[in-house]
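# What the coordinates show
Below are the chains, spelled out letter by letter.
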Amino acid sequence: MKKLYYEDVHMTEFEATVTECIYDEKKKIYKVALDQTAFFPEEGGQVADKGTLTFINETGVEPVSLPLLDAHIKQDIIYHYVEKGIPVGTVVKGNVDWEQRFDFMQQHSGEHIISGLVNKQYGFDNVGFHLGLQEVTLDFNGVLTLDELREIEMKANEAIWKNLPINIAFPSSEELSVLEYRSKLDLIENVRIVTIPGYDTCACCAPHVDTTGQIGMIKITNVQSHRGGIRVNILCGNRALKDYTVKQNNAATISATLSVKQDLIADGVERLKQENLKQKEVMNRLQATILKNMADNLPTPDESNHAILFVEPMDDIAIRNLINDLVPKYSGYVGVFWGNDVDGYRYIIGSSTLDCRELATALREKFGAKGGGKAPMIQGNVMAIKEQIKTIF
Ligand SMILES: [Zn+2]
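Remember, predicted model here, so these are calculated numbers, not experimental data. (Residues numbered from 1 in each chain as written. Predicted model: local features only at pLDDT ≥ 70, side-chain atom pairs only at ≥ 80, totals over all residues. Heavy atoms only, no water.)

## Details of the overall build of the protein
- Looking only at helices and strands, one finds nine helices and 21 strands in the protein.
- Relative to the 2.2 N^0.38 estimate, which gives 21 Å for 393 residues, the radius of gyration of the protein is 34 Å and therefore markedly larger than a compact globule would have.
- Along the longest, intermediate and shortest principal axes, the C-alpha atoms of the protein span 100 × 60 × 40 Å.
- Residues counted as buried form 41% of the 393 residues belonging to the protein.
- Pairs at least 24 apart in sequence give 60% of the contacts found in the protein among residues at least 6 apart.
- Here the protein displays about 21,700 Å² of accessible surface, and carbon together with sulfur accounts for 52% of that area. (Helix = DSSP H or I, 4+ residues; strand = E, 2+ residues; numbered from the N terminus. Rg over C-alpha atoms; globule rule 2.2 N^0.38 Å. Buried < 20%, exposed > 50% of the residue type's maximum accessible area, 1.4 Å probe, protein only. Contact = heavy atoms within 4.5 Å. Areas by Shrake-Rupley, 256 points an atom, 1.4 Å probe, with all protein chains shown as cover.)

See the structure below:
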């Protein structure tokens, strides 16, 4: 089977003859092999090309167009996954989704530059590569700092500006034996070598852009520890540009909201966070004061067994603190309900002598209240009006 993408990565249309068609019971799909194909299969960490296979079937005159669901290579035969069978001998027209192909070429060629630079400068190997529709990740078997990665990123973009040719060759075994190149496999025959002069020489089966300029740009977007080394996320070309647009929109919105310059939004957000914390402290103090004043006006333990308060929506912690203070003083229940008659109330109820779970049952049976807890304290919410709730005590 001829791999047309080796001859021309720009080929988006081709004709081929079906040589095999197998039904996969498990996956409920047909696997179609062709005498030649321009579709790059899933290989070397990169997902397969997308596109369509079009043909005229025996009964019809209208062409049938099947989307390519996936493509896998097995013993050097590429199987095209489609939802209907195509008889052996049928001539099909293949159409490669160029947008995805070119995007993948930009990402993959960018990856080679980064991996080549890391290997040259630090001696670390790319030990894992994933190129999907959303994400491009590179795993290295050594740790680089953020500053070191920024320097690699800078040099990688310089390689783009130089608009270097990306050369592809199948050197002879003799030539290979003296060639220094990155490779994950120990092959000695039919090795496809992708060279970016001065930056990288690597054994690789995937389609690449013709010149480094076509990559557009390379941006490292994330780095994390991974199996003793690092996993780096990169975006190249149009993906990097789209990412810039998203980040630009976010920066502009935050800048306008906080009235700070775009390059100072991180400081602005930090300041906002600190102010928020201060406000929260003030609010907590005020809530505690309000609750204390209300508690001071409750019937005394001599006048009533229970202490029940209805308050505006408040912080759980302030309410819990108040209940803990009051529980030892009253022989019955101490309860705080916060909310209103329309939206309902949340509650926390405690007691040092009675089993609060009995009260939880009563609230559930009478008002359909939700919640629970243990004997000394329960919490939950209830849809009922204040006067009704009071009758339960
Ligand atoms: Zn590669």
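Further notes follow.
## Overview of the pattern of salt bridges
- The final tally for this structure, using the stated rule, is 14 salt bridges.
- One salt bridge in this structure joins Asp76 and Lys3, with 2.8 Å as the shortest N-O distance. Taken as a pair, Asp76 in the loop between β7 (70–74) and β8 (77–82) and Lys3 in strand β1 (residues 2–3) lie far apart in primary sequence, 73 residues in all.
- The class of Asp76 is partly exposed, set by a relative accessible area of 47%.
- Accessibility expressed as a relative area gives 15% for Lys3, which makes it buried.
- A salt bridge links Lys292 to Asp296, with the nearest nitrogen and oxygen atoms 3.3 Å apart. Of this pair, Lys292 and Asp296 are both found in helix α6 (residues 265–296), four residues apart, which corresponds to roughly one turn of the helix. (Salt bridge = Lys/Arg side-chain N within 4 Å of Asp/Glu carboxyl O.)

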